[in-house]
Amino acid sequence: MKSEAPSTLRNDLYYGYYLTSPTQVEETRGHVNMLWVGGPWGDDVAITNIKASRIATVFDVSDHLYTRVGNKYYVNGKRAESLRALINRLRAEGIIHHVVAVYPIDEPDINVA
């Protein structure tokens with residue numbers, strides 16, 4: 001059964017889905033006011049989704065802070081440079097104002113070596 005979006009959206013809190021897949025922006029338009037991007041789909045998809053949605057965004061920056069080896073993440077020695085490059089790219093793309101939060105990594109207690 002498909003649920004319908006409410007006729008009036010709340011503006012006193014953010015709501016969305018954890019990690020928006022490359023094809024979910026249109027699917028979720030109108031019933032979320034927050035996008036969650038990054039993670040397994042990378043920066044190019046994240047930027048495309050931010051531009052398409054034009055709403056508040058949480059950016060998963062784990063790929064900029066950590067290097068994945070097998071099932072574990074290790075601190076990336078070039079994390080400052082990588083994160084700085086991402087921020088500069090978001091500025092150059094004219095979308096940094098949509099990023100309201102960054103998310104360093106999901107479940108660090110089990111994911112970080």
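First, a word on what this report is: a plain description of the structure on this page. What you see is a predicted model; the values in this text were computed from it and never measured.

Attention shifts here to the nonpolar core. One recurring pattern in soluble globular proteins: nonpolar side chains tend to sit buried together. In terms of nonpolar packing, the biggest core is built from 16 residues, with V37, I50, F59 and L90 touching the most fellow members. The leading source of residues in this core is helix 2 (residues 42–53), at three residues.

In this section: the layout of surface pockets. Taken as a whole, the second largest pocket spans an internal volume of roughly 160 Å³. Taken together, Y18, L19, G39, P40, D60, S62, D63, Y73, I105, D106 and N111 form the lining of the second largest pocket. Its residues assigned to classes, the lining of the second largest pocket comprises five nonpolar, three polar and three charged.

This structure, assessed with the given rule, holds four salt bridges. Here D44 and R89 are joined by a salt bridge, their closest N and O atoms 2.6 Å apart. One end of the pair, D44, is in helix 2; the other, R89, is in helix 4 (residues 79–92), with 45 residues separating them in the sequence. Ionic pairing is found between E93 and K51, a salt bridge with its closest N-O pair at 2.4 Å. Of the two residues, E93 is situated in the loop between helix 4 and strand 5 (99–103) and K51 in helix 2; the sequence distance between them amounts to 42 residues. Assessed through its relative accessible area of 31%, E93 is described here as partly exposed. What emerges from the salt-bridge pattern is a single network uniting D44, K51, R89 and E93.

Glancing now at the environment of P108. Among the structural elements, P108 can be located in helix 5 (residues 108–111). Taking the C-alpha atoms as reference points, P108 and Y73, separated by 35 residues in sequence, lie 8.8 Å from one another.

Next up on the list: the pairing of strand 3 (residues 66–69). With four bridges joining them, strand 3 and strand 4 (residues 72–75) adopt antiparallel strand pairing. The residue of strand 4 that forms the bridge with R68 is Y73. Here strand 3 folds back onto strand 4, and the loop between the two strands holds two residues, one of which, G70, carries a positive phi near 65°.

It is worth spelling out the packing of helix 2 against helix 4 at this point. Where helix 2 meets helix 4, the axes come as close as 12 Å, and the angle between the chain directions of the two elements is 30°. Seen along the crossing, helix 2 lies across helix 4 with a hand that is right-handed. Where helix 2 approaches helix 4, its residues D43, D44, I47 and I50 are matched on the opposing element by L86, R89 and L90. Grouping the amino acids of the contact of helix 2 with helix 4 by side-chain chemistry returns four nonpolar, no polar and three charged.

Scoring rules and cut-offs
Residues numbered from 1 in each chain as written. Predicted model: local features only at pLDDT ≥ 70, side-chain atom pairs only at ≥ 80, totals over all residues. Heavy atoms only, no water. Core = buried A, V, L, I, M, F, W, Y, C linked by side-chain atoms within 4.5 Å. Buried < 20%, exposed > 50% of the residue type's maximum accessible area, 1.4 Å probe, protein only. Helix = DSSP H or I, 4+ residues; strand = E, 2+ residues; numbered from the N terminus. 1 Å grid on protein atoms, 1.4 Å probe; cavity = no way out; pocket = protein on both sides within 12 Å on 5 of 7 lines; lining within 4 Å. Points joined across faces, edges and corners; volume = space filled by probe spheres on them. Nonpolar A, V, L, I, M, F, W, Y, C, P; charged D, E, K, R; others polar. Salt bridge = Lys/Arg side-chain N within 4 Å of Asp/Glu carboxyl O. Pairing = 2+ DSSP bridges. Axes fitted to C-alpha atoms, helices over the stretch in contact; angles between N-to-C directions. Left-handed = near helix turned anticlockwise from the far one by under 90°. Contact = heavy atoms within 4.5 Å.

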